[in-house]
Amino acid sequence: MTHYALLIDGQLHATEHADEVLDPATEQTVGYAARASHAQVDAAVDAAQRAFAGWAADPQARRTALALAASVLRENTQPLAELISREQGRPLRFTLGEVAGAAATFDHYAGFEAPAPEVLRDDEQRQVRLERRPLGVVAAITPWNVPIILLVLKLAPALHAGNTLVAKPSEHTPLSTLLLGQLLKDVFPAGVLNIVAGDGAVGEHLSHHPLVRHITFTGSVATGKRLYAGASHDLKRVTLELGGNDAALVLADADVPAIAEALFWGAFWNSGQVCFAIKRLYVHRSLFEPLVAALVARAQHTRLGSGLDPQTELGPLTNRQQLERVKALVADARDQGAVVHTGGAQPDRPGYFFAPTIISGVGAGVALVDEEQFGPVLPVIAFDDVEDAIRQANASPFGLGASVWTQDIDQGAAIVRRLDAGLAWVNQHLDVHPGAPKGGYKWSGLGYEGGARGYDAFSDLQVINIARH
Ligand code: ADP
């Protein structure tokens, strides 16, 4: 059985302890992930600190290395995608897309020119310039739902800006990130990219290290708040991409047969394990029955299975805890009078599968509606008045994404502007424009990832004021 090693200072490191990683579709072992000791985390941060000055000094070498990273990923797309499918559960066609997206992200930054310094004043007395300086060592802590692209979206701009990095993947899906480290071992100079694995305690140790200047995190609200509090002691910079409870509003004029498929995938892609998936569906009462019927029909002919089976449309939940959480939310909704139109149960097979589930008869006050379910269960809620739907959509501590579905695009855009969401869609959900910053309102995050705003997070500004006399 394969053991996957840490990457520290350009070397692969086996460890005293290793954690078994299961395939959520079969509950069989996929491999073992090296578990970093605190000393190994410290060694990784020290290596990153040592590598920093040289790396920061040579922007052309950085772009060349990022271009090489893209080609290494492209050459290894198949094994990396298969490993994501095996440890995370998602069908291969989607994990192939994830790796292709990661390679495209490296390519994008390989060709990206950092914004030029701004000259704020230039005359006989003074030159005043605004320049960017990299921060130093960045810690990237990532979740289990889309492990490679979520890391590369941090890694590529952080390294491009001249920082060095220590990454820590989730303990539920560490293997693909450790394989990425193995593949990129000789692409970057020793110490520029380091990968340590382990649980939250390893992440906490990394995030508290005094040499870490910025923590870029994607994960749960609870852990994000804890990281933010921990970072305050040292005034470390943080970027937090947290959970969501995205509402989709279907207006009375929507064309149900035309939108049902997109709504289904907006809610169920990756078995609902997406921070900005549709998690609450508000539907005008006149369309409630046909839309529920269309979603039920789609859910019932969905092929569940292993990510490696080409027939599979939806894989399992990624880990047992998540399956248990989804089961508990559905049981609680039933207790509170929910109607389960389809699904609602774990199929009789090995693995952490849960049948795609459409539920109605619940609203605010029920955990399935108020919280982030992160699973293949969609509550559908009828509304009479769109103002009421807007109010319900915004009555949430989350503010990641939201969408409005209508044949009247102008009205859709007007309504979506009133929803509290950093990502606002009309007649679609999930599409993320590569150049656009991604960030959530309220509890869904702090700061931005991607785009110019995201890039800025990996530098500090320096005002250089030169007296000419
Ligand atoms: P999830 O519920 O998605 O597993 P978490 O927010 O717990 O979400 O996990 C996201 C990432 O944060 C994982 O890599 C996990 O190991 C890490 N993590 C968990 N607890 C902490 C912590 N206290 N400090 C730093 N990282 C942590």
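The model shown is predicted, which means the values in this text are computed figures rather than measured ones.

1. Some details on the overall build of the chain
Next up, step 1: Across its full length, the chain holds 15 helices and 23 strands.
Next up, step 2: Counting every position in the chain, which comprises 469 residues, the buried fraction comes to 56%.
Next up, step 3: Partitioning the contacts of the chain with sequence separation of at least 6, the portion at a separation of at least 24 is 73%.
Next up, step 4: Taking the average location of the 38 positive side-chain charges in the chain and that of its 51 negative ones, the two points are 4 Å from each other.

2. Re the sheet that holds strand S17 (residues 377–383)
Next up, step 1: Taken in spatial order, the seven strands make up an open sheet running S15-S16-S17-S14-S13-S19-S20, and their pairing is mixed. Each edge of the open sheet is held by one strand with a lone partner, namely strand S15 (339–342) and strand S20 (423–426). Averaged over all neighbouring strand pairs, the angle between strand axes comes to 20°, with direction disregarded.
Next up, step 2: Two elements, strand S16 (residues 357–360) and S17, share three bridges in a ladder whose sense is parallel.

3. A closer look at the packing of aromatic side chains
Next up, step 1: The final tally for this structure, using the stated rule, is nine aromatic pairs.
Next up, step 2: Seen in terms of ring centroids, phenylalanine 276 and tryptophan 425 are 5.9 Å apart; in terms of plane orientation they differ by 40°. Their pairing is tilted. Linking phenylalanine 276 in the loop between helix H9 (256–268) and strand S14 (278–284) with tryptophan 425 in strand S20, this pair joins segments that are 149 residues apart in sequence.
Next up, step 3: A residue is classified by how much of its surface remains accessible, and phenylalanine 276, at 11% relative accessible area, is buried.
Next up, step 4: Aromatic ring contacts, followed pair by pair, group Phe94, Phe264, Trp265, Phe268 and Trp269 into a single cluster.
Next up, step 5: The cationic tip of arginine 93 hangs over the ring face of phenylalanine 94; the distance from NZ or CZ to the ring centre is 5.3 Å.
Next up, step 6: Taking the ring centre of tryptophan 443 as reference, the NZ or CZ of lysine 225 above it sits at 3.4 Å.

4. Quick look at the UniProt feature "domain: Aldehyde dehydrogenase" (unreviewed entry) in the chain
Next up, step 1: According to UniProt, the "domain: Aldehyde dehydrogenase" (unreviewed entry) feature falls on residues 19–463.
Next up, step 2: Across residues 19–463 one finds 41% helix and 22% strand; the C-alpha atoms that close the span lie 47 Å apart.

5. Topic: the UniProt feature "active site" (unreviewed entry) in the chain
Next up, step 1: In the UniProt entry, the feature "active site" (unreviewed entry) is given for Glu241.
Next up, step 2: Position of glutamate 241 relative to the elements: it lies in strand S12 (residues 237–241).
Next up, step 3: Judged by relative accessible area, glutamate 241 falls into the buried class, the value being 3%.
Next up, step 4: Those residues in contact with glutamate 241 that lie beyond four places of it in its chain are Phe217, Thr218, Gly219, Lys438, Gly439, Ser444, Gly447, Tyr448 and Glu449.

6. Considering the nonpolar core
Next up, step 1: Leu73, Phe106, Leu155, Leu165, Leu180, Leu184 and Phe188 are the most contacted members of the largest nonpolar core, which has 77 residues in total.
Next up, step 2: The biggest single contributor to this core is helix H5 (residues 147–160), with nine residues.
Next up, step 3: Setting aside chain neighbours within four positions, we find phenylalanine 188 in contact with Trp55, Ala65, Leu66, Ala69, Phe106, Leu159 and Leu193.

7. A short note on the site of the ligand
Next up, step 1: Around the ligand, a shell composed of 17 residues is seen, among which Thr142, Lys168, Glu171, Glu204 and Ser220 lie nearest.
Next up, step 2: In the model, a nitrogen atom of the ligand is placed 2.7 Å from a nitrogen or oxygen of the glutamate 204 side chain.
Next up, step 3: Interatomic distance of 3.0 Å between a side-chain N/O atom of threonine 223 and an oxygen atom of the ligand.
Next up, step 4: Coverage of the ligand by the protein amounts to 82% of the 550 Å² it exposes when considered alone.
Next up, step 5: The set of elements that each furnish at least two residues to the shell around the ligand consists of helix H7 (200–208) and helix H8 (221–232).
Next up, step 6: For the shell around the ligand, the class distribution of residues is five nonpolar, seven polar and five charged.

8. Focus: the domain arrangement of the chain
Note: interface size is frequently given as the accessible area lost on complex formation between the parts.
Next up, step 1: The assigned domain composition of the chain is domain 1 (3–242 + 444–467) and domain 2 (246–433).
Next up, step 2: Each of domain 1 and domain 2 has a C-alpha centre, and the two are 31 Å apart.
Next up, step 3: Every contact between the two is made by 24 residues of domain 1 and, on the other side, 30 residues of domain 2.
Next up, step 4: Between domain 1 and domain 2, a total of about 2100 Å² is buried, with carbon and sulfur atoms accounting for 58% of that surface.
Next up, step 5: Remark: the boundary between domain 1 and domain 2 carries one salt bridge.
Next up, step 6: A salt bridge links arginine 320 to glutamate 27; its shortest N-O distance comes to 3.1 Å.
Next up, step 7: Between domain 1 and domain 2 we count twelve residue pairs in polar contact (both at pLDDT 80 or more) in total.
Next up, step 8: Those elements that place two or more of their residues in the side of domain 1 that touches domain 2 are helix H3 (77–88) and helix H4 (92–110).
Next up, step 9: Broken down by element, the side of domain 1 that touches domain 2 gets its largest block of residues, five residues, from H3.
Next up, step 10: Its residues assigned to classes, the side of domain 1 that touches domain 2 comprises ten nonpolar, eight polar and six charged.

Reading guide: rules and limits
Residues numbered from 1 in each chain as written. Predicted model: local features only at pLDDT ≥ 70, side-chain atom pairs only at ≥ 80, totals over all residues. Heavy atoms only, no water. Helix = DSSP H or I, 4+ residues; strand = E, 2+ residues; numbered from the N terminus. Buried < 20%, exposed > 50% of the residue type's maximum accessible area, 1.4 Å probe, protein only. Contact = heavy atoms within 4.5 Å. Lys, Arg positive; Asp, Glu negative; His and termini not counted. Charge placed at Lys NZ, Arg CZ, Asp CG, Glu CD. Pairing = 2+ DSSP bridges. Axes fitted to C-alpha atoms, helices over the stretch in contact; angles between N-to-C directions. Phe/Tyr/Trp six-rings, centres within 6.5 Å; stacked < 30°, edge-to-face > 60°. Lys NZ or Arg CZ within 6 Å of the ring centre and 35° of its normal. UniProt positions renumbered as here; feature names shortened; annotations may be inferred. Core = buried A, V, L, I, M, F, W, Y, C linked by side-chain atoms within 4.5 Å. Near = heavy atom within 4 Å. Polar contact = N/O pair within 3.5 Å; in protein donor to acceptor, adjacent residues only side chain to side chain. Areas by Shrake-Rupley, 256 points an atom, 1.4 Å probe, with all protein chains shown as cover. Nonpolar A, V, L, I, M, F, W, Y, C, P; charged D, E, K, R; others polar. Domains from an automatic or database assignment. Buried area = accessible area lost by both parts, 1.4 Å probe. Salt bridge = Lys/Arg side-chain N within 4 Å of Asp/Glu carboxyl O.

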